[in-house]
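Summary of the model geometry
What follows is each chain in one-letter form.
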Amino acid sequence: MTAGAGAACQRLFHLRSVICSVTRRGTSPASLHAPITPGIGPASMLFTSTATVSFIRRCCRRWPAVTTGMTSRCPDIRRKVPMPKIPTVVCLVAIVLLPACTYARDECVLVRDGQPMAAIFVPAEMSHVVMQAATSFQSYVRKITGTELPILAEEGFRFHQTVGLEKIVPQLNSVFIGPCEATAAAGIDPAELPPEGYRILSNRRALYIVGRDDDMTTEWEYRKSSTWTAGPTRQHGTMHGVYAFIEEELGVRWLFPGALGEIVPKRKNLGVGKLDRTDAPRLQYRLINPPPHVRNDSVAASRRLGISDQQRHQFIFDHDQWMQRMRLGTVGGTEMTHGHYMFWLRYGREHPEYFALQADGTRANPNKSGKDAVRLCLSNDACVEAFAGLLSELFAKNQNLKIVGYSPDDYSDRAVPVCVCDNCIAMGPAISDRYAIFYSEVAAIVAKEYPDRYVANFAYGYYMDAPTTVGKLHPNFLVLIVGYNRWAGAWAGGDDDEIRERSLEHSLRWAGIAGKIVWRPNLFIQNEFAMPRVYAHKLADDYRQLYATGKMIGVQHDHFYAHWGAEGLDYYLAVKLAWNPTADVDALIDDYCRAGFGAAAGTIRTYFDTVEAHTNAIAAQRYSRRAHLAEQDRFIRQNSGMPIFLGELHKQETLDQWQGLLRQAVLEAAGDTEVLRRIEMLQVAVTALSHTIAIHDLDCTIIFKVRDPKRREIVDVLNAAWTFARSNADTQGIHMPYAMSVCGLFRLREKWGLE
Ligand SMILES: [Zn+2]
């Protein structure tokens, strides 16, 4: 910093304190005037006149709102929501006192030498989305530069234009966030943007970030639509624009939830080159379901693992925030579930003929066979009408709801056979044909009243395969393609090329006849064991092929286990590719390594490539079904749920190779504590796999034989794994599902009180 700038800062600091005293305590004009030394430059000289005092006072009268907090259209928000700390108007006044500087011709300077050179303006009446976007912008400028830009109502901007300040102080720049008069004057119309889209525009004096938002008028509505672990339901275009700007222009990265996953480059100067770009998610539905233990809130299990309630809440908060920053979202509400039971509750008693005819002449009855035993008589026109009526009611109740999928109940058709009436059999040889016809007819009825909504059905389990005889289906019929069931390949550690190829083939065939498709894979299920795994290039290829059908409008990954050290790269890529399924996956991985691992980036990239090659080698292996079943029997008897052939698939030399690469990365990252902690996350996952293999090879039935001499040895192995799992239950390398699942360790301990 030059001597002149240093002196200016001192004056600025001094003046700020004086003005603060004016705004808060009503200091007299004379005392305001007195501390300012004359002869310090043209800009600050402006404020040595009595006109200055009157200007500041007028500011304070005109902008009362910004001195205490922002206003909102909604009275209850104004009353109840604690507003982020908003700097007073004095900040704006202080900014203009800085000496004139020289800048790159087209650069809009935001911060110079750690001093604020711009103010953030928001519409005087704004939605929660804009409020959140503006405070995020302010917060990241502060994290990067240590400098806080003031947030002011747009009214303040008009006032500063009126008095002609921009002519006297040419370096005062403006950041407009959310649709307001200035953004309209700049030619930005949010209504013209694609769903959830945004536009970022800048010139030398101003930066504009405006997105397409749904207007949320109550706090409840906003919170409900913004809890990412529960699934967002509204458009947050302005927020997407701000996060895209922070990531792409300011260089921030969010590799995983929490402070360690956030990469913030530090700078003293911040400026924006000339920009004009519009972007929007290619997929309108981008969701990743939270871990099941979060959804089910397993408080008791957390406490037993030594995770405090505060840690548990922090975990959920961090994940919500991460998903928001990674721009997951939807343009409307979705309700996609196994829902035939709801239909039974409505019509089971009155209309048994709507339900599947059984071989013994009775109708399917879940009262006898359980909740998942609802099967419909799909050829019954009255049943089609009634089903459409049920979905229409849901749409009528919730205008924001865009997709309803009440799919057949879970589990296979073995529990209760599908309908055996002649008309149902005539619908097609495969059950998928019958469901496709049924839902297409339902969609046609619903579309008469709700032409912009979708009726959905899973392609899943016994009705995963694409229909064989039906042609084009109704354009409002949406297929949720599950497939990719990793547990079906559990004998191979969850990865199996044959399953993947079959899933892809049928998915593409579904896309050929359905109105639209949403990909809803179970890629992360089955890895509660936290095995290190990289599916990167296949993941990108899955996205690319499905998106290329032109029918894909969304993706919903079913739950993941938050094992960020074991498969965090896959989670990151799954979310990044949801925004743009054609993104360059190698560029994304390189960027991930560079941002997160600094000097060790090259070695970490080699580590990920090595794990990916191993994951692919496992997927390519073939096991005979007979061997698989025999092994599975043994395995279910002993180890409840652990992948079989585990020791064969992950040889000790493979684990040694991985640990060797990670040790090398540690040497390269010496001195960088954050990078070292990120490498440690990867190391924890590899160590976890060593414990899993050790347990896998035990004959755990001996646990139940208290006098067996081998029992002690087994208990020692289990206890070592337990101690490791417990001490890492809340680290980001592996998360608590590891401890809860490995070898049924949790249950064994509960039952046998292992020490
Ligand atoms: Zn039937």
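Details of the structure are given in the entry above.
In short, a report on the structure. Everything numeric in this text was worked out from a predicted model, so none of it was measured.

We now examine the overall build of the chain. For the chain, the helix and strand inventory stands at 33 helices and 19 strands. Split into buried and exposed, the 755 residues of the chain put 59% on the buried side. Summarising the internal contacts of the chain: among those between residues at least 6 apart in sequence, 76% fall at separations of at least 24. Working note: accessible area of the chain is about 30600 Å², and carbon and sulfur atoms make up 52% of it.

To continue, consider the coordination of the zinc ion. In a perfect tetrahedron of four donors around a metal, the angles come out at 109.5 degrees. In a perfect octahedron of six, they are 90 or 180 degrees. Looking at the metal site, the zinc ion is ligated by C377 (SG), C419 (SG), C421 (SG) and C424 (SG), spaced 2.3 to 2.4 Å from it. Of note is the zinc ion, whose 4 donor atoms meet at the metal with angles of 106 to 113 degrees in an arrangement that counts as tetrahedral. Along the chain, the residues donating to the zinc ion are arranged with the sequence spacing C-x41-C-x1-C-x2-C. Judged by its relative accessible area of 4%, C419 is buried.

To continue, consider the nonpolar core. In terms of nonpolar packing, the biggest core is built from 172 residues, with L110, F137, F343, Y543, L573 and I604 touching the most fellow members. Ranked by residue count, the leading element in this core is helix α24 (residues 564–579), at 10 residues.

When you tally the buried positions in strand β5 (residues 173–177), you get 5 out of 5 residues, the bulk of the element. The alternating pattern of β5 places N173, V175 and I177 on one face and S174 and F176 on the opposite face, and all of these are buried. In this sheet, strand β7 (residues 206–211) lies alongside β5 in parallel orientation, the contact comprising 4 bridges. For S174, the partnering residue across the bridge sits in β7 and is A206.

In this structure, V111 sits in strand β1 (residues 108–112). When the C-alpha positions of V111 and V141 are compared, they lie 8.4 Å apart, and in sequence the two are 30 residues distant. Among all residues touching V111, those that are not within four sequence positions of it are M117, V141, T145, T147, L149, K268, N269 and L270.

Scanning the model with the defined rule gives 31 salt bridges in all. Here D558 and R520 are joined by a salt bridge, their closest N and O atoms 3.6 Å apart. Taken as a pair, D558 in the loop between β19 (552–557) and α24 and R520 in the loop between β18 (516–519) and α23 (536–547) lie far apart in primary sequence, 38 residues in all. The partner of D609 in a salt bridge is R605, and the shortest N-O contact between them spans 3.1 Å. Here R605 and D609 lie together in helix α26 (residues 601–620), a separation of 4 residues that amounts to about one turn.

The next thing to look at is the sheet that holds β18. Within the open sheet, the 8 strands sit side by side as β13-β12-β19-β18-β17-β16-β15-β14. Their pairing is mixed. This sheet does not close on itself; its edge strands, each paired only once, are β13 (329–330) and β14 (333–338).

With that settled, the discussion passes to the packing of α26 against helix α29 (residues 652–668). Where α26 meets α29, the axes come as close as 9 Å, and the angle between the chain directions of the two elements is 165 degrees. Classified by the angle their axes make, α26 and α29 are roughly antiparallel. Where α26 crosses over α29, the two elements pack in a sense that is left-handed. The segment α26 lies against α29, with T603, I604, T606, Y607, T610, V611 and H614 engaging T654, Q657, W658, L661, L662, Q664, A665 and E668. Of the residues that constitute the contact of α26 with α29, the class distribution is 7 nonpolar, 7 polar and 1 charged.

Next up on the list: helix α22 (residues 497–513). Taking 1.5 Å as the rise per residue, α22 with 17 residues should run 24 Å; its terminal C-alpha atoms sit 25 Å apart, in good agreement. Listed in full, the buried residues belonging to α22 are D497, R500, S503, L504, H506, S507, W510, A511 and I513. Contacts from the buried residues of α22 go to α21 (431–449), β16 (454–459), β17 (477–481), β18, α23 and α26.

Another aspect to go through is the sheet that holds strand β11 (residues 276–279). If you walk across this open sheet you meet the 6 strands as β4-β3-β5-β7-β6-β11, and the pairing is mixed. In this open sheet, the two edge strands, each paired with only one partner strand, are β4 (151–153) and β11. Adjacent strand axes in the sheet meet at a mean angle of 20 degrees when their direction is disregarded. Of the strand pairs in this sheet, strand β6 (residues 198–202) and β11 are connected by 4 bridges, and their pairing is antiparallel. Of the residues in β11, the one forming a bridge with I200 is R277. On top of the sheet, helix α13 (residues 237–248) reaches β5, β6, β7 and β11; it is set at about 130 degrees to β7, its chief contact.

What counts as what
Residues numbered from 1 in each chain as written. Predicted model: local features only at pLDDT ≥ 70, side-chain atom pairs only at ≥ 80, totals over all residues. Heavy atoms only, no water. Helix = DSSP H or I, 4+ residues; strand = E, 2+ residues; numbered from the N terminus. Buried < 20%, exposed > 50% of the residue type's maximum accessible area, 1.4 Å probe, protein only. Contact = heavy atoms within 4.5 Å. Areas by Shrake-Rupley, 256 points an atom, 1.4 Å probe, with all protein chains shown as cover. Donors = N, O, S within 2.8 Å, 3.2 Å for Na, K, Ca; no water. Tetrahedral: all angles 85-135°; square planar, octahedral: opposite > 155°, others 65-115°. Core = buried A, V, L, I, M, F, W, Y, C linked by side-chain atoms within 4.5 Å. Pairing = 2+ DSSP bridges. Salt bridge = Lys/Arg side-chain N within 4 Å of Asp/Glu carboxyl O. Axes fitted to C-alpha atoms, helices over the stretch in contact; angles between N-to-C directions. Parallel < 35°, antiparallel > 145°, perpendicular 65-115°, else oblique. Left-handed = near helix turned anticlockwise from the far one by under 90°. Nonpolar A, V, L, I, M, F, W, Y, C, P; charged D, E, K, R; others polar. Expected span 1.5 Å × (residues − 1).

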